[in-house]
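Structural features, examined
What follows is the residue order along each chain.
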Amino acid sequence: MRVRSLGIALAATAALIALPTTHPPAAAADTPLSQGKTATASSEENYGTAAAQAVDGDSGTRWSSAAADDQWFQVDLGATASVTQVVLNWETAYGKDYKVQISTDGTSWTDLKSVTGSDGGVDTLDVSGQGRYVRMLGVHRATQWGYSLWEFQVFGSTSGTQPACGTANAAQGRPATASSTENAGTPASAAFDGDTGTRWSSQASDPQWLQVDLGSVKDLCKVDLNWETAYGKDFQIQASADGQSWSTLKSVTGASGGTASYDVSGSGRYLRINGTARGTGYGYSLWEVAVHTGSTGTPPVQGGGDLGPNVIVVDPSTPDLQKKFDDVFAQQESSQFGTGRYQFLLKPGTYDGINAQIGFYTSISGLGLNPDDTRINGDVTVDAGWFNGNATQNFWRSAENLAIKPSNGTDRWAVAQAAPFRRIHVQGGLNLAPNGYGWASGGYIADSKIDGTVGPYSQQQWYTRDSSVGGWTNGVWNMTFSGVQGAPATNFDSGPYTTLDTTPVSREKPFLYLDGSTYKVFVPAKRTNVRGVSWPADAGTSLPLDQFYVVKPGATAATINQALAQGLNLLFTPGVYHLDQTIDITRANTVVLGLGLATLVPDGGIDAMHVADVDGVKLAGFLIDAGPVNSDTLLRIGTPGSTADHSANPTTMQDVFVRIGGAGPGLATDSVVVNSNDVVIDHTWIWRADHGSGVGWDSNRADYGLRVNGDDVLATGLFVEHFNKYDVYWNGERGRTIFFQNEKAYDAPNAAAITHDGIVGYAAYKVADSVTTHEAWGLGSYCNYTADPSIVQAHGFQVPTTAGIRMHDLLVVSLGGKGQYAHVVNTTGAPTSGTDTVPSKVTRFP
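Notes on the structure in this doc start here.

Parameters and conventions
Residues numbered from 1 in each chain as written. Predicted model: local features only at pLDDT ≥ 70, side-chain atom pairs only at ≥ 80, totals over all residues. Heavy atoms only, no water. Core = buried A, V, L, I, M, F, W, Y, C linked by side-chain atoms within 4.5 Å. Buried < 20%, exposed > 50% of the residue type's maximum accessible area, 1.4 Å probe, protein only. Contact = heavy atoms within 4.5 Å. Helix = DSSP H or I, 4+ residues; strand = E, 2+ residues; numbered from the N terminus. Salt bridge = Lys/Arg side-chain N within 4 Å of Asp/Glu carboxyl O. Polar contact = N/O pair within 3.5 Å; in protein donor to acceptor, adjacent residues only side chain to side chain. Pairing = 2+ DSSP bridges. Axes fitted to C-alpha atoms, helices over the stretch in contact; angles between N-to-C directions.

What follows deals with the nonpolar core. When a protein is soluble and globular, its nonpolar side chains tend to lie buried together. Counting 83 residues, the largest nonpolar core has Leu570, Phe572, Ile583, Leu619 and Tyr765 as its most contacted members. Residues contacting Tyr765, with those up to four places away along its chain left out, are Leu718, Val728, Trp730, Thr737, Phe740, His774, Ala776, Leu779, Gly796, Phe797, Gln798 and Met807. Residues Val328, Ile376, Val380 and Ala487 belong to the second largest nonpolar core, which totals 38 residues.

Here it is in structure tokens:
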């Protein structure tokens, strides 16, 4: 939130339906299988009517949906069960027509019962079926409100028996590899050919390994080894989903060779024998390896499929196309903290006379391989009529991979944070201010070509990367460019401009496209010292959609993690996803791509996502929303102490946004922690909410926004705001930041609350005292201490004073005199004063 929108409260989206004084009891007396289990829903009316409240055993709490049909509620029973009865205890807003369905995987559903003409109250349904997931799928509501359940109870039994271990050898005839072979007559494949007269043998050294590809992820229960005279004394039996990251199923020490069978428990596509100590002076040698599998009753997660209900795919002949845009905009225009999520996908072609207004949690993208494949003769517009012409809260939306020929020659994209404009060809000019030139606080452009002039006008700050512009006029405080053809020259002494000729490292965001009638995801290649757009001669890799688990609302974290363990990538379709376990990304080159600002909410104080210290993970296009129980770290990239070199293939974090509070209570100690080396953070907004629901100095406490512990990390387009302590704390060596925008926490109660080490106020951007090399360009920090305007913050930036630290073009601003800065960086730079909102600048430090 910015200068002219300070302290504006948002009205509640809908009144709660009045609760009756008594509630009818559920019909069955036994404790249901569903009680206390993980529940999800297509939507939630508000944070007070969460899905979990319909399975908590309390008939005074409830789940309620948005006021629309085609809503669902589902519960994960935790294991496959034989379901005999489902009891629905409806609130006044009940379902007239609905289905009760069951599923083994949360994706494919079977009808247990279809109900038509229900009169509400308690519906007790006798059913018969087996599955782990049970849901109510609403077809028609009985009232103008949504669907609302006091309790959803599932009765039946689970067998509790373990599946038998199979006798078949799942490894026989499968592809095999090894660390070495003694000679051509002892290949790896000979240990899996079913012939005890042939063998694999290694070179005479430690360590050595033998590995087999089972073809798909399987549940592993026993491994038989038939050693030749040259046996392994110490070894591990290991499994992997991808052949790169391994887990040990069994460690064996002091083995004596011969034949031996080992019971194991785990899953994987690849199994290997990892020898660490030989039993003889020769190598390792195995006549045969047999792998036995069982079944957990959970089938493999399938890749590909449809894109779900909130992805709107259109082509130029789609009837009432303008109405589709208008209907979504009417719902999303002012829905700043709502649960609606939408993605428009435009097939290649020419679209005439379209004005696509883009509201909250709405994205528009072309499905061509290049922007000019999808042409709009019209506009893709963001305006601020909902907020009286003030664009400082036009957050969480995006446009990508399109060509726009504006109807009046200039397109309007009047946004604030978390609203990327990527891979766009504007055949005309671009206006970044709202109608009437009210306040605006963006923003970000990348990999785009604007033929005409870009007019930021009232925009307070903006970052543009690897693009081409026909011209650029004015700006307010901080306009930063890297790798932009046509960018204005650096002029920070008397103007707002910081310009770097190239961007040192970049990789464009992955995107969905159509290859004929087949969906694929294009993953652009890394580029170095870049200037200008990446297209049309893109370098990169296309991945078919069947290599992605297409995640839809209602999917569980367990299924998401199972998909990752199988080696699938993730494509999150628009929706809000409550997580009861951390999403763990352990495979190199995994792609996690969100559509329509898909939102992850960690429940119960867990972390939302962990990324292992591996090469080339791509995180893009989603929002992490802190839950009401404190998480230690919402997003962690790399494990603590990570040391691997990823410079050839860095992990990238692009258009990944983090929010603490605003949509409801949210708590997190650390928001984003980067432990891996060489990570590229390309456009993020990490925001502790200053308005909305659940906002207060302790109500949505979050100490740190971004912590960087890895070396050689690059941030391009870094927006971090309002944290209780340091917004950015940089502890890694050779870090670089190109553009930083910050506001200090509005709600600091007094100077004492933010005083540390004898310093008033935590720096917006702190480089640790131990760091010897760091460089940054175009950084701004603003204070707006509304709770105590007398606070004088010591400085915006705090860095070691050494030859390897180089800071370029820094500014601090007091917004309307609500608090002041004593200095810009350390004890350098003039203080701010008065109410004139005039920056204090330092062009170079030290």
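By the element assignment, Val87 lies in strand S3 (residues 72-90). In this structure, the C-alpha to C-alpha distance between Val87 and Val122, residues 35 residues apart in sequence, is 7.0 Å.

The subject of this paragraph is the pattern of salt bridges. As enumerated under the stated definition, the model contains 33 salt bridges in all. A salt bridge links Asp69 to Arg141, with the nearest nitrogen and oxygen atoms 3.2 Å apart. Of this pair, Asp69 sits in the loop between strand S2 (63-64) and S3 while Arg141 sits in strand S6 (residues 122-141); the two residues are 72 residues apart in sequence, bridging distant segments of the chain. The exposure class assigned to Asp69 is partly exposed, which follows from its relative accessible area of 29%. Residue Asp711 is joined to Arg734 by a salt bridge in which the shortest nitrogen-to-oxygen separation is 3.9 Å. Within this pair, whereas Asp711 is found in the loop between strand S45 (702-708) and strand S46 (714-721), its partner Arg734 is found in the loop between strand S47 (728-730) and strand S48 (735-743), the two being separated by 23 residues in sequence.

Cis geometry is found at the peptide bond from Gly442 to Gly443, where omega equals -20 degrees. With an omega of 5 degrees, the peptide bond running from Trp535 to Pro536 counts as cis. Note on placement: Pro536 falls in the loop between strand S32 (526-530) and strand S33 (540-544). The phi dihedral of Asp712 is positive, around 60 degrees, even though this residue is not glycine. Looking at Asp712, the relative accessible area reads 28%, which means it is partly exposed. One non-glycine residue, Thr837, lies in positive phi territory at about 55 degrees. Considering the arrangement of structural elements, one finds Thr837 in the loop between strand S55 (820-825) and strand S56 (840-845).

Let us look at the side chain of Ser34. Following the sequence through the fold, Ser34 ends up in the segment before strand S1 (38-41). A distance of 2.9 Å separates a polar atom in the side chain of Ser34 from the backbone nitrogen of Val154. The contacts of Ser34, once residues within four sequence positions are left out, are Val55, Val75, Leu77, Phe152, Gln153 and Val154.

Now for the sheet that holds strand S30 (residues 511-515). Overall, antiparallel pairing links the three strands, which are arranged S30-S31-S33 in an open sheet. At either margin of the open sheet sits one strand with a lone partner, and together these are S30 and S33. Going from strand to strand, the sheet's axes swing by 40 degrees on average, the running direction of each strand aside. Where S30 meets strand S31 (residues 518-524), five bridges bridge the pair, whose relative direction is antiparallel. Counterpart to Leu512 in the pairing with S31 is Val521.

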